[in-house]
Amino acid sequence: MARKRSGTTKEKLLVAASDVFVEKGFRDATVADICTRAGANVSAVNYYFGSKEALYQESWRHSFAVSIKAHPQDGGVSKSAPAEERLYGQIKALVERITDENNKDFFISQMEIVNPTGLLEEVMISEFNPLRKNTLAVVQELLGSEATHQQIAFCETCIISMCIHPLLLQRVRQRAKGNKAPIMIDDLDAYADHVMKFALAGIAAIRGKGLDS
């Protein structure tokens, strides 16, 4: 029974920490505030994580894991499906993950960009690299065997950027108090389709011009 309660306390700390770090960023967040929200003793952070810094890293990792579980990168598309379908699955999953109101890892990352600590760099790299490797593989397949590493990386960057930047900006604006900016992207399926068409057209244009141009 003690182990069950301990696990629950640790989970509550991770959830509470994610909320506080989203709202305040690392520097302005306090251990006392996190523990109060978690209903835990102030010593619980050191007991379970060792430090506020370690809790920061683990709360981001926890938020990321929850988000990926809710929206798997493959979007439900089989690994044996054609490359076009697999790319669309990844695009659709990313769009849905960014716009999920329960998603916190993007906002913690945003706070880190605004006021960097460097604490999330290694954690984020370890989690993002496998996802990026999957997208790069699909893009390489679509570009063909003669594509250079630079061309593959540039195409992957453009595709991911089309998903992340406008939708994340829209979420940030929606969270701002008193903001009356109109919702620019309200049909997520249509937007995912647009990104897919744009990506395939760009890839086709690169192939048509010649991969060495």
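Treat the numbers as computed from the prediction; the structure is a model and nothing was measured.

Enquirer: How would you explain the overall build of the protein chain if you had to name every residue and give the values?
Expert: The secondary structure content of the protein chain amounts to nine helices and zero strands. Expressed as a percentage of contacts within the protein chain between residues at least 6 apart in sequence, the contacts between residues at least 24 apart total 69%. With an accessible surface of roughly 12400 Å², the protein chain has 55% of that area assigned to carbon and sulfur atoms. Across the protein chain, the 26 positively charged side chains and the 26 negatively charged ones have centroids separated by 6 Å.

Enquirer: How would you summarise the packing of aromatic side chains if you had to cite specific residues and measurements?
Expert: In the structure shown here, the tally under the stated rule is seven aromatic pairs. Judged by centre distance (5.1 Å) and plane angle (15°), the ring pair of Trp60 and Phe64 falls under stacked. Here Trp60 pairs with Phe64, and both are found in helix α4 (residues 52–70), just four residues apart, close to one helical turn. Judged by relative accessible area, Trp60 falls into the buried class, the value being 0%.

Enquirer: Describe the side chain of Gln151, and please don't skip the residues or the numbers.
Expert: Relative to the elements of secondary structure, Gln151 occurs in helix α8 (residues 149–175). The buried category is assigned to Gln151, whose relative accessible area is 12%. Within the structure, Gln151 has its side chain in polar contact with the backbone nitrogen of Thr148 (distance 2.9 Å).

Enquirer: If you had to explain the confidence of the model for the protein chain to someone new, which residues and values would you point to?
Expert: Residues at a pLDDT of 70 or more form 91% of the protein chain, whose mean pLDDT is 90. Confidence drops under pLDDT 50 across residues 1–6; counting only partners more than four residues distant or on other chains, this segment forms one contact.

Enquirer: Tell me what's going on with the nonpolar core, and back it up with residues and numbers.
Expert: By size, the foremost hydrophobic cluster in this structure holds 27 residues, and its most contacted members are Leu13, Phe21, Ile34, Leu55, Trp60 and Ile108. Going through the elements one at a time, α1 (2–28), α2 (31–38), α3 (44–48), α4, α6 (105–114) and α7 (121–143) are the ones with two or more residues in this core. Looking at this core element by element, the count peaks at eight residues for α1. Those residues in contact with Ile34, other than ones at most four positions away along the chain, are Leu13, Ala16, Ala17, Val20, Phe21 and Leu55. Membership of the second largest hydrophobic core comes to 26 residues, among which are Ile91, Phe106, Val139 and Ala192.

What counts and how
- Residues numbered from 1 in each chain as written.
- Predicted model: local features only at pLDDT ≥ 70, side-chain atom pairs only at ≥ 80, totals over all residues.
- Heavy atoms only, no water.
- Helix = DSSP H or I, 4+ residues; strand = E, 2+ residues; numbered from the N terminus.
- Contact = heavy atoms within 4.5 Å.
- Areas by Shrake-Rupley, 256 points an atom, 1.4 Å probe, with all protein chains shown as cover.
- Lys, Arg positive; Asp, Glu negative; His and termini not counted.
- Charge placed at Lys NZ, Arg CZ, Asp CG, Glu CD.
- Phe/Tyr/Trp six-rings, centres within 6.5 Å; stacked < 30°, edge-to-face > 60°.
- Buried < 20%, exposed > 50% of the residue type's maximum accessible area, 1.4 Å probe, protein only.
- Polar contact = N/O pair within 3.5 Å; in protein donor to acceptor, adjacent residues only side chain to side chain.
- pLDDT = per-residue confidence, 0-100.
- Core = buried A, V, L, I, M, F, W, Y, C linked by side-chain atoms within 4.5 Å.

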